[in-house]
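Examination of the molecular architecture
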Amino acid sequence: MSKPISPRLHGVLDYATAAATALMPLLGRASRPAARTAEIWAASYAVLSALTDYPMGLRRRVPFDAHGTIDKTLSAVLPALPWIVGFARDRRARNFFLTLAAVTVVVTVLTDWDSEAPEQTGW
């Protein structure tokens, strides 16, 4: 059964999520650890997205299924970050990362990881 999120749409969602995470510290008063975590996460995820072999990838070095494995791992790690990094009392930042985790789970589950080979035409 085909899933509703294609590799192209997954790429669009990846970049949008990285951008939203990068903006998180600017939109509200986030604690220093929360802001730094958001900055690092956003930059790392943007790089992963740029290097993934899918239509939105720029260099296409990371296989799409490996990207999926990373997304599954992030789904497990993201909800714990506020406690691991020490900003769990920063309600807005904690809730942002918990929401990010939920979105990551939903997108990961709904992505068609077994679709045909990614288009080689770029955009």
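Details of the structure are given in the entry above.
This write-up is about the structure you can find in this document. (Residues numbered from 1 in each chain as written. Predicted model: local features only at pLDDT ≥ 70, side-chain atom pairs only at ≥ 80, totals over all residues. Heavy atoms only, no water.)

**Quick notes on the pattern of salt bridges**
Taken as a whole and assessed by the stated rule, the structure comprises 1 salt bridge. With a closest N to O distance of 3.2 Å, R36 and E39 form a salt bridge. Taken together, the residues span about one helical turn, with R36 and E39 both in helix α2 (residues 32-51) at a distance of 3 residues. Given a relative accessible area of 39%, E39 falls into the partly exposed group. (Salt bridge = Lys/Arg side-chain N within 4 Å of Asp/Glu carboxyl O. Helix = DSSP H or I, 4+ residues; strand = E, 2+ residues; numbered from the N terminus. Buried < 20%, exposed > 50% of the residue type's maximum accessible area, 1.4 Å probe, protein only.)

**So, the environment of R91**
With respect to the secondary-structure elements, R91 resides in helix α5 (residues 91-110). A relative accessible area of 57% places R91 in the exposed class. Taking the C-alpha atoms as reference, R91 lies 9.1 Å from A30; in sequence the two are 61 residues apart.

**Regarding the packing of aromatic side chains**
Throughout the structure, instances matching the rule amount to 5 aromatic pairs. For the ring pair Y54 and F64, a centre distance of 5.8 Å and an interplane angle of 45 degrees mean the geometry is tilted. Placement of the pair is Y54 in the loop between α2 and α3 (64-77) and F64 in helix α3, with a sequence separation of 10 residues. Side by side, Y54 and F64 carry an identical accessibility label, which is buried. An aromatic cluster is defined as three or more aromatic residues linked by ring pairs; in this entry it consists of Y54, F64 and W113. (Phe/Tyr/Trp six-rings, centres within 6.5 Å; stacked < 30°, edge-to-face > 60°.)

**Details of the nonpolar core**
One finds W41, L78 and F97 to be the most contacted residues of the largest nonpolar core, which totals 15 residues. Those elements that place two or more of their residues in this core are α2 and α5. For this core, the element with the highest residue contribution is α2, accounting for 5 residues. Residues in contact with W41, not counting those within four places in the same chain, are T17, A18, T21, L74, L78 and L100. (Core = buried A, V, L, I, M, F, W, Y, C linked by side-chain atoms within 4.5 Å. Contact = heavy atoms within 4.5 Å.)

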